[in-house]
Amino acid sequence: MVTLQDELVRTVVYEHPKALTEVPTHYCPGCTHGIAHRLVAEVIDELDIREHTVVVVPVGCAVFAYDYFNLDGVEAPHGRAPAMATGIKRSLRDRIVFTYQGDGDLAAIGTAEIIHAAARGENITTVFINNAIYGMTGGQMAPTTLPGQQTTSSPRGRDIRLAGNPLRITELLAQIDGTCYAVRRSLHSVREIRRAKKALMTAFRTQVNGLGFSIVELLSSCPTNWGITPPDSLKWIEDNMVPFYPLNDFKVSDSVLTMESGA
Amino acid sequence: MATGTIVINEIRCKGCTLCTTVCPQDIIHMDTGRVNEKGYTPAILVDPDQRCTGCAICAVICPDVCITVYRDIPASKLHRNVA
Ligand SMILES: Cc1ncc(C[n+]2csc(CCOP(=O)(O)OP(=O)(O)O)c2C)c(N)n1
Ligand code: SF4
Ligand code: SF4
Ligand code: SF4
């Protein structure tokens with residue numbers, strides 16, 4: 001028998017995170033930029049750091065992200081988000097500072113900035129959205145475009161003899177001493193989205209604990225420029241991107257392991 | 001099995017269909033034949049038999065943060081972290 005005490009109470013178990021504004025995003029239907037925003041916002045809420053977190057947004061489809069995150073935010077020139085984040089973090093040391101960057105922004109025009117931010121061991125976090133394409137400008141080939149992948153600037157597929165091989169940025173940054181945490185996750189399924197959130201949580205906690213540079217790469221979709229439906233885009237990530245960009249922990253420094261073990 | 005429900009904020013919905021592909025109860029459908037004020041076919045909950053478990057899987061995949069999830073929780077367990 002149901003006692004009064006065990007009466008069922010209809011309770012909210014999931015709602016709009018506080019670290020996101022109510023502003024509807026301009027992202028295309030099914031674009032996983034929206035999922036990435038939501039996960040970052042949930043982590044910020046759970047760490048209760050919203051009042052002192054600063055987002056540095058890129059040039060790319062996420063160019064208006066300062067309107068979507070309910071945080072202090074600045075817009076960086078193309079690729080320069082890690083440099084701006086460095087300046088903010090060094091002058092306002094109590095702030096949690098993260099960059100949110102696409103693969104054109106981070107892996108092409110901004111390669112120098114991200115590598116040197118990691119080399120200096122800046123205590124900032126980077127959320128790196130890899131959708132294997134330049135989304136905002138109409139789907140051109142990016143450094144991360146897969147071999148053979150058709151884009152508007154590689155209509156016959158990326159020819160690696162002409163355009164070189166894709167860059168595995170997170171593996172590269174993991175080699176650098178100043179990096180404390182470098183992992184790749186994906187947004188193509190509920191399971192992977194949950195794993196991505198855990199990694200973002202770890203990355204932000206490394207910054208709270210002052211452990212150095214942290215990066216979480218997220219494999220993300222671009223249904224519009226890939227020219228396929230949102231569900232097919234998630235399948236495309238799983239079938240084509242994940243084999244080339246493995247979902248691994250490339251660096252988890254001893255200091256991060258100590259943090260994780262609760263010591 | 002737990003019971004619950006969802007509320008879809010239709011104004012935010014972009015009709016991407018992702019929520020319909022993951023619901024284990026298959027109770028989210030696209031409301032074809034109708035568009036929201038943005039011009040997208042919205043997702044709707046069709047749950048006459050109250051099969052929603054409040055599992056929140058739909059909310060995990062929604063890129064537009066449209067879905068609020070409710071679960072029926074025994075009063076005695078309410079103090080626990082439920083999400
Ligand atoms: C200095 C400069 N060079 C080039 C551009 C054009 N441009 C705008 S966004 C972009 C790349 C966007 O791709 P990505 O960073 O992958 O982000 P996405 O749009 O895919 O999220 C480029 C090349 C620019 N705005 N400024
Ligand atoms: S162009 Fe691609 S990356 Fe940009 S919002 Fe649309 S789907 Fe997303
Ligand atoms: S909460 Fe679970 S059961 Fe209910 S609509 Fe969402 S996915 Fe389906
Ligand atoms: S996942 Fe969200 S935006 Fe996409 S159809 Fe469902 S409610 Fe609408």
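Residues numbered from 1 in each chain as written. Chains lettered and ligands numbered in written order. Predicted model: local features only at pLDDT ≥ 70, side-chain atom pairs only at ≥ 80, totals over all residues. Heavy atoms only, no water.

1. Looking at the overall build of chain B
1) Next: Across its full length, chain B carries two helices and four strands.
2) Next: In chain B, the order of α-helices and β-strands from amino to carboxyl end is β-α-β-β-α-β.
3) Next: C-alpha extents for chain B along the principal axes are approximately 45 × 25 × 20 Å.
4) Next: A total of 83 residues make up chain B; the buried ones form 47% of that total.
5) Next: Pairs at least 24 apart in sequence give 62% of the contacts found in chain B among residues at least 6 apart.
6) Next: Accessible surface computed for chain B: about 4100 Å², of which carbon and sulfur atoms make up 51%.
7) Next: Of the side-chain charges in chain B, 8 are positive and 8 negative, and the distance between the mean point of each set is 9 Å. (Helix = DSSP H or I, 4+ residues; strand = E, 2+ residues; numbered from the N terminus. Buried < 20%, exposed > 50% of the residue type's maximum accessible area, 1.4 Å probe, protein only. Contact = heavy atoms within 4.5 Å. Areas by Shrake-Rupley, 256 points an atom, 1.4 Å probe, with all protein chains shown as cover. Lys, Arg positive; Asp, Glu negative; His and termini not counted. Charge placed at Lys NZ, Arg CZ, Asp CG, Glu CD.)

2. Some details on the environment of L187 of chain A
1) Next: Its location among the elements puts L187 of chain A in the loop between β6 (179-186) and α8 (190-208).
2) Next: Along the backbone, L187 of chain A and S220 of chain A are 33 residues apart, and their C-alpha atoms lie at a distance of 5.8 Å.

3. Brief notes about the site of ligand 4
1) Next: Residues in contact with ligand 4, as listed here, are C13, K14, G15, C16, T17, C19, A43, C62, P63 and C66 of chain B.
2) Next: Classifying every residue of the shell around ligand 4 gives seven nonpolar, two polar and one charged. (Near = heavy atom within 4 Å. Nonpolar A, V, L, I, M, F, W, Y, C, P; charged D, E, K, R; others polar.)

4. Notes on the packing of helix α1 (residues 33-47) of chain A against α8 of chain A
Residue and element names in this part refer to chain A.
1) Next: It is at 9 Å that the axes of α1 and α8 come closest, and there the two elements cross at 50 degrees. Classed by the angle they form, the pair α1 and α8 counts as oblique. Considering how the two elements wind past one another, α1 and α8 form a crossing that is right-handed. Counted together, I35, R38, L39, V40, E42, V43, I44, E46 and L47 of α1 and I193, A196, K197, L200, M201, F204 and R205 of α8 form the full contact between these two elements. (Axes fitted to C-alpha atoms, helices over the stretch in contact; angles between N-to-C directions. Parallel < 35°, antiparallel > 145°, perpendicular 65-115°, else oblique. Left-handed = near helix turned anticlockwise from the far one by under 90°.)

5. Side note on the confidence of the model for chain B
1) Next: Of the residues in chain B, 95% have a pLDDT of 70 or more, and the chain-wide mean is 94.
2) Next: Here the complex is predicted with pTM 0.97, and the ipTM for its interfaces comes to 0.94. (pLDDT = per-residue confidence, 0-100.)

6. What about the site of ligand 2?
1) Next: Taken together, Y27, C28, C31, H33, C61, N131, G135, C222, P223, T224 and N225 of chain A are the residues near ligand 2.
2) Next: Broken down by element, the shell around ligand 2 gets its largest block of residues, three residues, from helix α9 (residues 223-226) of chain A.

7. Re helix α10 (residues 230-244) of chain A
All names here are of chain A.
1) Next: In this model α10 runs 21 Å from its N-terminal to its C-terminal C-alpha over 15 residues, within 8% of the 21 Å that 1.5 Å per residue would give.
2) Next: I237 marks where α10 bends most, by close to 30 degrees.
3) Next: Those residues of α10 that sit buried are P230, S233, L234, I237, M241 and F244. (Expected span 1.5 Å × (residues − 1). Bend = angle between axes of the 7 residues up to and from the residue.)

8. Topic: unusual backbone geometry
Negative phi characterises most residues that are not glycine, and trans characterises most peptide bonds.
1) Next: For D48 of chain A, which is not a glycine, the phi torsion comes out positive at approximately 55 degrees.
2) Next: On the basis of relative accessibility, which here comes to 64%, the residue D48 of chain A falls in the exposed class.
3) Next: Located in the positive-phi region is V65 of chain B, a residue other than glycine, with phi close to 50 degrees.
4) Next: Structurally, V65 of chain B can be placed in the loop between α2 (57-61) and β4 (67-74).
5) Next: Overall, the relative accessible area of 8% leaves V65 of chain B in the buried class.

9. A closer look at the side chain of S186 of chain A
All names here are of chain A.
1) Next: Following the sequence through the fold, S186 ends up in strand β6.
2) Next: By relative accessible area, which is 0% here, S186 ends up buried.
3) Next: In this structure the side chain of S186 is engaged in a polar contact, spanning 2.7 Å, whose partner is the side chain of H188.
4) Next: With sequence-adjacent residues up to four places away left out, S186 is seen in contact with E192, I193, A196, L219, I237, V242 and L247. (Polar contact = N/O pair within 3.5 Å; in protein donor to acceptor, adjacent residues only side chain to side chain.)

10. A short note on the sheet that holds strand β3 (residues 72-75) of chain A
Whenever strands of a sheet pair, they do so through backbone hydrogen bonds, lying parallel or antiparallel.
All names here are of chain A.
1) Next: Sheet architecture is open: seven strands sit in the order β3-β2-β4-β5-β7-β6-β8, paired in mixed fashion. Pairing within the sheet leaves two strands with one partner each, and these edge strands are β3 and β8 (249-252). Neighbouring strand axes in the sheet, compared pairwise and without regard to direction, differ in orientation by 20 degrees on average.
2) Next: Of the pairings in the sheet, the one linking strand β4 (residues 96-102) to strand β5 (residues 125-130) comprises five bridges and is parallel in character. Within β5, the position partnered with G102 by the bridge is I129.
3) Next: Of the strands in this sheet, β4, β5, β6 and β7 (213-219) are in contact with α8, which crosses β6 at around 165 degrees. (Pairing = 2+ DSSP bridges.)

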